[in-house]
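# Structural overview for review
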Amino acid sequence: MGSNEWCFSGWYVDNTQNLFLKDNFSPYLRNCRLDWNSTIQRQWHWLFATLTAGSYPKGIGSYLRTVASNDRLVVRHNTDSTHKLYTITAAGVTTSILTDANIASDNRMYFQNVGDVIYCMNGSDNFWKLDWTTYTAPSTGIASFAPSFSVVFNSSHFASGWVTNANKVYKSVGDNYEDFNSAGSDNFTFPETLTGLAVNNEAIFYFTKNTISVTGKSDITDTAGTITYITRALEVKEGAVNHASIVSVGNMIYFLTPSNKIVKLARGANIDGFEVLELSERKYAGISTIMSGLAIDQTDSFVYHLPKENLVKRHVKAAGSSINDTCIVYDIGKDAFLPDSGKYFYGGTFFKGYNYTISMVESKVYQDEYGNDDEDWAIAFEYRTKEYYISDPTYKKIL
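Residues numbered from 1 in each chain as written. Predicted model: local features only at pLDDT ≥ 70, side-chain atom pairs only at ≥ 80, totals over all residues. Heavy atoms only, no water.

### Remarks on the packing of aromatic side chains
How we decide: Planes of paired rings set the category: under 30 degrees apart is stacked, over 60 is edge-to-face and the rest tilted, where pairs are Phe, Tyr or Trp rings (Trp by its six-membered ring) whose centres lie within 6.5 Å. Strands here mean DSSP runs of E at least two residues long; helices mean DSSP runs of H or I at least four residues long; both are numbered from the N terminus. Under the scheme applied here, a residue whose accessible area is under 20% of the maximum for its type counts as buried, over 50% as exposed, and between as partly exposed, the area being computed with a 1.4 Å probe on protein chains only. By definition here, charges over rings are those cases where NZ of Lys or CZ of Arg is within 6 Å of the ring centre and within 35 degrees of the ring normal.
Taken as a whole and judged by the stated rule, the model has 22 aromatic pairs. Centroid distance Phe145 to Trp162: 5.3 Å. Interplanar angle 85°. Geometry classified as edge-to-face. Here Phe145 is found in the loop between strand S11 (134-136) and strand S12 (149-153), whereas its partner Trp162 is found in the loop between strand S13 (156-160) and strand S14 (168-171), with 17 residues between them in sequence. Trp162 shares its class with Phe145; the two are buried. On the basis of an interplanar angle of 45° and a centroid distance of 5.0 Å, the ring pair of Phe190 and Tyr206 is categorised as tilted. In this pair, Phe190 sits in the loop between strand S15 (186-189) and strand S16 (196-199) while Tyr206 sits in strand S17 (residues 203-207), placing the two residues 16 residues apart along the sequence. Relative accessible area serves as the criterion here: at 1%, Tyr206 is assigned to the buried category. Three or more aromatic residues joined by ring pairs make a cluster, and in this case those are Tyr119, Phe127, Phe145, Trp162, Tyr170 and Phe180. Residue placement shows Lys308 over the ring face of Tyr354; its charged tip is 5.0 Å from the ring centre.

Listed below in structure tokens is the structure:
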């Protein structure tokens, strides 16, 4: 940087004298003068693994095992008719997993890692698990059990999104995350189809498109196998569009509503204290125009949290698009949004210190927030001089 220039934390310059700025700083670029014809670039993404050619991957999850050297990414992708899962090491080494005919649907697959296994769900195929490199059936106790998503809460596994019983939530036996039928298990029914679940701050939240309900840990009692719940309905206008659009961060839950609003749900010290704040419509947030230009159907949208950067990245479709072509980055610490582009992703996860995503247009896995070659959307910024009146005789005017 020249002696007559200034910068703030978050900038860095490479050996070509290009000036780069991380996503979580770029909304705040103001009053900066750049010499040497420098360019401003956001962090981009890097090709991490290329999978078998064909359609795009249908899910990604972090599979952490007792022995850390065995940790893997798990990706739902069709290698052939009998191999439809991949595991990928932190070094990018891929292994195709034999699944036989047990995965037939190309629905989005959700992964839930518990201990040394990872459970696999897509709402159509039976609830199975990957145990290291073996794809096998758990003993659920329910015939043809096929939930779409799940959360772990209070030492039990809660699953929902089963097309056959779309308005039910199933609870597993305590400390047995795959038995949904024996004593200590339960299921309960909601008036509407469940679209998602979330766990946050000692409570579990149940989402439909129109409602949000909550049960605290102390609201569940098990008396000799008879389970009683106290579930409260929150006063909200809408729920969540899908499970993939919900993310828990600290004591906050962020989700996308069916009418394309980004909402934050926070709870206080007790189970009855909640705050629901619509983030995307605030004028200073700067994304109301983008939100108004989104497609009505956001079935394929997803969100994931980048803990190191403390960002929430939400991938959605613009009106007329068939893929997720718009990324809305929310900086939690700065409470500000940044639109991004050129990242056509279908899923994301945090794995061993890095952020990984799957493409929605090709058979590839990327490491997100990596490198400096983002030449897509420019970062909007403005330069403002001090305001003054041209009639003021104390200012020197030059034309």
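### Focus: unusual backbone geometry
Positioned with a positive phi, Asn154 is a non-glycine residue whose angle comes to about 55°. Checked against the element boundaries, Asn154 lands in the loop between S12 and S13. Look at Asn154 and you get partly exposed, because its relative accessible area is 34%.

### Here's the deal with the side chain of Lys84
To be explicit about the condition: This count recognises Lys and Arg as positive and Asp and Glu as negative, with His and chain-terminal groups excluded. By definition, a salt bridge exists where a carboxyl oxygen of Asp or Glu is found within 4 Å of a side-chain nitrogen of Lys or Arg. Here a residue-residue contact requires only that any non-hydrogen atoms of the pair lie within 4.5 Å.
Considering the arrangement of structural elements, one finds Lys84 in strand S6 (residues 83-88). No salt bridge is formed by the buried Lys84, whose closest oppositely charged neighbour, Asp106, lies at an N-O distance of 5.4 Å. Setting aside anything within four residues of it in sequence, one finds Lys84 in contact with Val75, Arg76, His77, Asn78, Ile97, Thr99, Ile103 and Ala104.

### Concerning the confidence of the model for the chain
Stated formally: pLDDT: the predictor's confidence for each residue, scored from 0 to 100.
The pLDDT averaged across the chain works out to 84; a share of 79% of its residues lies at or above 70. Confidence drops under pLDDT 50 across residues 1-20; counting only partners more than four residues distant or on other chains, this segment forms 48 contacts. Per-residue pLDDT stays below 50 along residues 22-42; that stretch engages in 83 contacts with residues further than four places along the chain or on separate chains.

### As for the sheet that holds S13
The test is simple: The pairing criterion is simple: DSSP has to find at least two bridges between the two strands. Note on geometry: axes are lines fitted to C-alpha atoms, helical ones only across the stretch in contact, with angles between N-to-C directions running from 0 to 180 degrees.
Taking strand neighbours across the sheet as the criterion, the four strands line up as S12-S13-S14-S15 in an open arrangement whose pairing is antiparallel. The sheet is open, and its two edges are formed by S12 and S15, each paired on a single side. Averaged over all neighbouring strand pairs, the angle between strand axes comes to 20°, with direction disregarded. Where S12 meets S13, five bridges bridge the pair, whose relative direction is antiparallel. Paired with Val151 across the bridge in S13 is Phe158.

### Some points on the nonpolar core
Operational definition: For our purposes a nonpolar core is just a set of buried Ala, Val, Leu, Ile, Met, Phe, Trp, Tyr and Cys residues, chained together by side-chain atoms within 4.5 Å.
Counting residues in each nonpolar core, the largest one holds 16 residues, and the members touching the most others are Tyr254, Ile262, Met291, Val312, Ile328 and Phe337. Those elements that provide at least two residues to this core are strand S22 (247-249), strand S23 (252-256), strand S27 (311-316) and strand S28 (326-331). If we ignore the near neighbours within four places in the chain, the residues touching Val312 are Val247, Val249, Tyr254, Val303, Tyr304, His305, Ile328, Val329, Tyr330 and Ile332.

### A few points about the sheet that holds strand S18 (residues 212-216)
With respect to topology, four strands assemble into an open sheet ordered S16-S17-S18-S21, the strand pairing being antiparallel. Unpaired on one side and paired on the other, S16 and strand S21 (232-233) mark the two borders of the sheet.

### Observations concerning the pattern of salt bridges
For the structure on display, the rule yields twelve salt bridges. Of the charged contacts in the structure, one is a salt bridge between Asp300 and Lys317, with a shortest N-O distance of 2.9 Å. Of this pair, Asp300 sits in the loop between helix H1 (288-292) and strand S26 (302-306) while Lys317 sits in the loop between S27 and S28, and the two are 17 residues apart along the sequence. Pair check on accessibility: Asp300 and Lys317 agree, each one buried. In this structure, Lys343 engages Asp368 in a salt bridge whose closest nitrogen and oxygen atoms are separated by 3.1 Å. Pair noted here: Lys343 is in the loop between strand S29 (336-340) and strand S30 (345-351) and Asp368 is in strand S32 (residues 364-374), with a separation of 25 residues, a long-range link.

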